[in-house]
Amino acid sequence: MSAILKQAKKICTEHLLNAPASLNKHNKKWRLTFVTIYCSRTLFSLVNNHVSKEKIIKVSPTPSHVTLTIPPENSCFKIDETTLTDIVKEKKLEKLQQIGGVNGVASSLETSLDSGINGGAEDIAHRHEAFGSNTYKKLPSKSFFYFVVEAFKDLTILILLGCAALSLGFGIKENGLKDGWYDGGSIFVAVFLVIAVSAISNYRQNRQFDKLSKVSNNIQIDVIRGGRRQQISIFDIVVGDIVCLKIGDQVPADGLFLDGHSLQIDESSMTGESDHVEVNSKPNPFLISGTKVVDGYARMLVTSVGMNTTWGQMMSQLTGDNNEQTPLQVRLNKLTSAIGKVGLAVALLVLVVLLVRYFTGNTKDENGRTEFNGSSTKSNDIMNAVVGIVAAAVTIVVVAIPEGLPLAVTLTLAYSMKRMMADQAMVRKLSACETMGSATTICTDKTGTLTLNQMKVTKFWLGKETMDEVSSSVSSFIVNLIHQGVSLNTTGSVYRGSTGSGFEFSGSPTEKAILSWAVLEMKMDIEEMKRNFTILFVEAFNSQKKKSGVLIKKKEDNTVYVHWKGAAEMILAMCSSYYDASGVMKDLNEEERMKFKKIIQGMAASSLRCIAFAHKQVAETEEEDVKEKKKLEGENLTLLGLVGIKDPCRPGVKKAVEDCRYAGVDIKMITGDNVFTARAIATECGILQPDQDMDSGAVVEGEEFRNYTPEERMEKVEKICVMARSSPFDKLLMVQCLKQKGHVVAVTGDGTNDAPALKEADIGLSMGIQGTEVAKGSSDIVILDDEFASVATVLKWGRCVYTNIQKFIQFQLTVNVAALVINFVAAISAGEVPLTAVQLLWVNLITDTLGALALAKEKPTEELMKKPPVGRTEPLITNVMWRNLLGQALYQITVLLTLQFKGESIFEVTETVNDTLIFNTFVLCQVFNEFNARKLDKRNVFKGIHKNKLFLGIIGITIVLQVVMVEFLKRFASTERLNWGQWGACIAMAAVSWPIGWIVKCIPIPERPIFSYLKWRKCTSNR
């Protein structure tokens, strides 16, 4: 024990002795206080743990405070999490230099700057233990109990529960517990059943949205591990990883700039500043997670992940709730509110009528005695009767309000989102599901969407000669220049493992195709090129410039070259000379230039993407000029060669285009390729007909479209099928013109610069494979496989969502109209409602919840693609729906009112049996009408029904539960058992709904919406 105390005394003394003499009296007091506390803790630790070796932790003196850094006990790294986090978050360049800069940090994290981390399971585990994982804490998902509480907040439910409690209390007081609980207890059970079903349904949908959210956040990131570039999930990134960043990427964690060129970062998501920040090795090497790369490319060293990043702390404060309301949900809420007001008016009228009839002595009990006899009537009896009347009136409101409409939308959207995920489309915004069904025009990219994105160099032109293979006759000088232009002006990489294994190429499809050709056919050694040259400056490729350049210096003799690569006609315009196959430089006069243009057009007409290489030797002083101007020399270059890259059309794309056109949706191809390549691909895909030419206005170039006057653009935009050599601005301009013409526009995009067009469009569709994170963030739906056929599938699902909701609206409103009219007429004429509170709640349950489940999950059919798109202004309830709805409602009202007034004499039954017949027939009418609702305008409502197992299952469950309600829950449902004949009569009356539905669908209807006539009359009367 004495040895432990000596050890503690030694440590404390050392800290006191290390205090700087320059500290003032105030700071000395703070240091003394700190050392006292520290010594106490040290003593406590030594006594408890019996440490055998000294642990001296040096305290850094500061003017006003002390920072204590304690590395983890078992950490195998030379730097701790707190230090790393602090350096990047606070952007402490001086502290970074003190620990050896980026190289020092990499060394401390056991990361090789060339090959990255080891990446083995043990290495990853150690890094997780020391620095954590790249995941964020989120607020817990809403529990089932939350949705139960939400369901209880419904005012009508609360009123019913109050009525049930009063009825239960009076019933038990009057008839005892054994017989008195039935009326109130039945309402309680029915209400709790409605609440349970509603809560379960909402809870399940919330879980579904949570799962989809996890998928959408799972971004794939390029990292270097074990010398190999590979893609991993953003959640698998660890501290020490080397991440490859390019235009459009999201920075996945906090880190430091290793190397790269022209890196511009958009930090607006973190700082709110719209200006782009330049990140480089000297003044600002700090990269913050959650920011976006807007230009250039780089490699970064990850220093903090997950909750240790600024982004992680922000993410942990987000609830993850999806309270977004789609436009259709907003319209349905208005419809529900309007119907609810009508229902409330009817309920109030019924309440007044029933109360007046009761207190004037016009109602009789089961034994035929007058219920209210003035002062001789017991107060309990009066209260019981009033509670019953109020419950009946409130239940009418419950039935009248179609709560199932929002539920049907939620169910349909959730179901379609799940199925669309299986069909390679991930929905990011709910509104896109329904809006896609209204799309009238789709503006699509070419590369990867209409084509396979499996590019291969199939043509190589050197001078004016085509080279089937690179022979010995080609000058080695030219070959070396091409090696320079390919290996040093690229964002791709080449990896070769052990001796004898093949090459692995990474990067964009175009980069991979060129690297593969240069390595395998031109025998290029990319590592040797990188050893022999220093990259001085890079102008990165983007979809606006359509070219990229690099300034390089040869280490051997310090000669400086500029190399350009990009769209063939653009590079050709920058050249004043060219090399032939033997390496002789020749002048590029107008005659020669025209010959090269014809070569480019010939390749383009064969559906080849044409890429040109050019170079120029520049003075050594050019380096400083470039760094100052941040722009490379782009004039008087020498053309090195041309390559033609083949990207075949996707199988099935022609049929998908035909399907969209058959559905009344216009397809426009917008591409950066030249006009001849674009025309060839568009013809192959079926977007352009072989007889259409540029003179007809079907094919234009972006610059030409841009230079039209606004009036010319509006006049010609609908005729355009193909726009070549387009910039992102041209795409945005086309979307704006189409929207002004009244079109509902869907746009596909994959680049960062496509973000404005994706946001402007009614539906933005980004590409899951080639799309940048900026493009995905601006889109509504992500096409996971980049295929146009998936875009056509999304269109079909969008129409399915809209149609399913219309089916349910028709079904739901039929029930509402029938129930309201029957109860109102019966209350006014007979002084009572034929359907009790429990029976009405049961009808509400099977129509709202089970009906929504049955109709909301109908799968899309080919018939949907035969209809024209729904316009922006088309009403939610169409003339077809009004016709079907009113036909069925009139039939049900007629049958049920006949039973109400003549049922006892027709069937020779008692009043209670007659009420049961009314209830049973009403429910069965809804069951049969559910079949009618499956097809809004088709007479054969049974087509494809065998494929919808859920629909048949729900119909079966509904019938079984109805039999149980009538036959076995006599006291609960206020019913009497029916014989076989009576059951047969109920089924027969309900089954007439089918032929009624068939006949009603034969009635012709006007195309113009019904309510538009009312508006027209109102306008004419105002005149």
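Residues numbered from 1 in each chain as written. Predicted model: local features only at pLDDT ≥ 70, side-chain atom pairs only at ≥ 80, totals over all residues. Heavy atoms only, no water.

A.B. asks: Any chance you could break down the sheet that holds strand β24 (residues 745-749) for me, citing the residues and the numbers?
C.D. replies: Across the sheet, eight strands lie side by side as β8-β26-β25-β24-β9-β21-β23-β22; this open sheet has mixed pairing. With one partner strand each, in any of the chains shown, β8 (425-427) and β22 (699-701) form the two edges of the open sheet. Ignoring which end each strand starts from, the neighbouring axes of this sheet average 20 degrees apart. Packing against the sheet, helix α26 (residues 728-740) makes contact with β9 (441-444), β21 (666-670), β23 (722-724) and β24, and its axis sits at approximately 170 degrees to β24. (Pairing = 2+ DSSP bridges. Helix = DSSP H or I, 4+ residues; strand = E, 2+ residues; numbered from the N terminus. Axes fitted to C-alpha atoms, helices over the stretch in contact; angles between N-to-C directions. Contact = heavy atoms within 4.5 Å.)

A.B. asks: With reference to specific residues and values, describe the packing of helix α31 (residues 879-907) against helix α36 (residues 993-1000).
C.D. replies: The relative placement of two packed helices comes down to the angle between their axes together with the axis-to-axis distance. The geometry of α31 relative to α36 is characterised by a closest axis approach of 10 Å and an angle of 145 degrees between their N-to-C directions. For the element pair α31 and α36, the recorded crossing hand is right-handed. Seen from α31, the contacting residues are Arg883, Asn884, Gly887, Gln888 and Tyr891; seen from α36, they are Ser993, Ile996, Gly997 and Val1000. (Left-handed = near helix turned anticlockwise from the far one by under 90°.)

A.B. asks: So what's going on with helix α16 (residues 476-487)? Which residues, and what values?
C.D. replies: Between its terminal C-alpha atoms α16 stretches 16 Å, which fits the 16 Å expected from 12 residues at 1.5 Å a residue. Burial analysis of α16 places nine of its 12 residues in the buried class, the great majority of the element. Every buried residue of α16 is accounted for by Ile478, Val479, Leu481, Ile482, His483, Gln484, Gly485, Val486 and Ser487. Backbone nitrogen of Phe477 and a side-chain oxygen of the N-cap are separated by 3.2 Å at the start of α16; the cap is Ser475. (Expected span 1.5 Å × (residues − 1). Buried < 20%, exposed > 50% of the residue type's maximum accessible area, 1.4 Å probe, protein only. Polar contact = N/O pair within 3.5 Å; in protein donor to acceptor, adjacent residues only side chain to side chain.)

A.B. asks: An account of the side chain of Arg127 is needed here, citing residue identities and associated values.
C.D. replies: Relative to the assigned elements, Arg127 resides in helix α6 (residues 121-131). Look at Arg127 and you get buried, because its relative accessible area is 1%. Here Val239 takes part through its backbone oxygen, which lies 3.0 Å from a polar atom of the side chain of Arg127. Apart from residues no more than four positions distant in its own chain, Arg127 is found in contact with Phe77, Leu109, Glu110, Thr111, Ile117, Gly132, Val238, Val239 and Gly240.

A.B. asks: I'd like to hear about helix α29 (residues 788-830), residue by residue, with values.
C.D. replies: The α-helix winds at 3.6 residues per turn, so residues separated by three or four positions along the chain end up facing the same way. Under the 1.5 Å per step criterion, the end-to-end length of α29 is 63 Å for 43 residues, consistent within 8% with the ideal 63 Å. With 34 of 43 residues buried, α29 lies mostly within the body of the structure.

A.B. asks: Now, about the confidence of the model for the protein: what can you tell me, with residues and values included?
C.D. replies: Looking at the protein, pLDDT values average 80 and 82% of them are 70 or higher. Note on residues 1-31: pLDDT is under 50 here. Beyond four places in sequence and across chains, it has 36 contacts. Across residues 33-39, where pLDDT falls below 50, the model places nine contacts with residues more than four positions away in sequence or in other chains. (pLDDT = per-residue confidence, 0-100.)

A.B. asks: Summarise the pairing of strand β16 (residues 560-567); cite the residues concerned and give the values.
C.D. replies: For β16, the buried fraction is high: eight of the eight residues fall into the buried class. By the bridge criterion, seven bridges tie strand β15 (residues 547-554) to β16 in an arrangement that is antiparallel. The residue of β16 that forms the bridge with Ile552 is Tyr561. In this antiparallel pair of consecutive strands, β15 and β16, the connection spans five residues, and Asn558 shows a positive phi of 60 degrees. Note: β16 against strand β19 (residues 608-618), eight bridges, orientation antiparallel. Of the residues in β19, the one forming a bridge with Ala567 is Ile611.

A.B. asks: Would you mind going over the pattern of salt bridges in detail, with residue names and values included?
C.D. replies: The tally for this structure, following the rule as stated, stands at 31 salt bridges. Glu504 is the partner of Arg228 in a salt bridge, and the nearest nitrogen-oxygen pair spans 3.0 Å. On the criterion of sequence distance, the pair formed by Arg228 in strand β2 (residues 228-233) and Glu504 in strand β13 (residues 503-506) is long-range, its members being 276 residues apart. With a relative accessible area of 38%, Arg228 lands in the partly exposed category. Look at the salt bridges and you will find they share partners, linking Lys464, Glu591, Glu592 and Lys595 into a network. (Salt bridge = Lys/Arg side-chain N within 4 Å of Asp/Glu carboxyl O.)

A.B. asks: Residues and numbers for unusual backbone geometry, please.
C.D. replies: Although it is not a glycine, Glu110 adopts a positive phi angle of roughly 55 degrees. Relative to the helices and strands, Glu110 resides in the loop between α5 (101-108) and α6. Among the residues examined, Glu110 registers a relative accessible area of 47% and is labelled partly exposed. Positive phi, close to 50 degrees, is recorded for Glu908, a residue that is not glycine. For Glu908, the position within the fold is in the loop between α31 and α32 (911-933). For Glu908, a relative accessible area of 70% translates into the label exposed.

A.B. asks: So, the nonpolar core: which residues are in play, and what are the values?
C.D. replies: Ile396, Phe919 and Phe922 are the most contacted members of the largest nonpolar core, which has 86 residues in total. For this core, the leading source of residues is helix α30 (residues 837-856), giving 13 residues. Apart from residues lying up to four places away in sequence, Phe919 is in contact with Leu835, Gln839, Trp842, Val843, Gln962, Met965, Val966 and Thr975. (Core = buried A, V, L, I, M, F, W, Y, C linked by side-chain atoms within 4.5 Å.)

A.B. asks: If you had to explain a positive patch on the surface to someone new, which residues and values would you point to?
C.D. replies: Judged by side-chain charge, Arg204, Lys418, Arg419, Lys859, Lys947 and Lys949 come together as a positively charged surface patch. Mapped onto the elements of the fold, Lys949 is located in helix α33 (residues 949-967). (Patch = residues over 30% accessible without salt bridge, like charges linked within 9 Å, V, L, I, M, F, W, Y side chains within 5 Å. Areas by Shrake-Rupley, 256 points an atom, 1.4 Å probe, with all protein chains shown as cover. Lys, Arg positive; Asp, Glu negative; His and termini not counted. Charge placed at Lys NZ, Arg CZ, Asp CG, Glu CD.)

A.B. asks: Mind laying out the side chain of Lys546, listing which residues take part and the relevant values?
C.D. replies: Turning to its location among the elements, Lys546 is positioned in the loop between β14 (533-539) and β15. Despite being buried, Lys546 has no salt bridge partner; Asp730 is the closest side chain of opposite charge, sitting 7.3 Å away. Polar side-chain contacts of Lys546 include one of 3.0 Å to the backbone oxygen of Ser726. Every residue in contact with Lys546, bar those within four places of it in the chain, is listed here: Phe541, Gly566, Ala567, Met570, Gly672, Arg725 and Ser726.

A.B. asks: Any details on the packing of aromatic side chains? Residues and values, ideally.
C.D. replies: Under the criterion given, the structure shown has 17 aromatic pairs. Centroid distance Phe144 to Tyr203: 5.9 Å. Interplanar angle 80 degrees. Geometry classified as edge-to-face. Here Tyr203 lies in helix α9 (residues 182-217) and Phe144 lies in helix α7 (residues 144-152), a separation of 59 residues in the sequence. For Tyr203, a relative accessible area of 23% puts it in the partly exposed group. Centre to centre, the rings of Phe931 and Phe951 are 5.3 Å apart; their planes meet at 85 degrees, and the pair counts as edge-to-face. With Phe931 in helix α32 and Phe951 in helix α33, this residue pair connects regions lying 20 residues apart in the sequence. For the pair shown, Phe931 and Phe951 are each scored as buried. What links up through ring pairs into an aromatic cluster is the set Phe928, Phe931, Phe942, Phe951 and Trp994. We note Arg934 situated over the ring of Phe951; from NZ or CZ to the ring centre the distance is 5.7 Å. (Phe/Tyr/Trp six-rings, centres within 6.5 Å; stacked < 30°, edge-to-face > 60°. Lys NZ or Arg CZ within 6 Å of the ring centre and 35° of its normal.)

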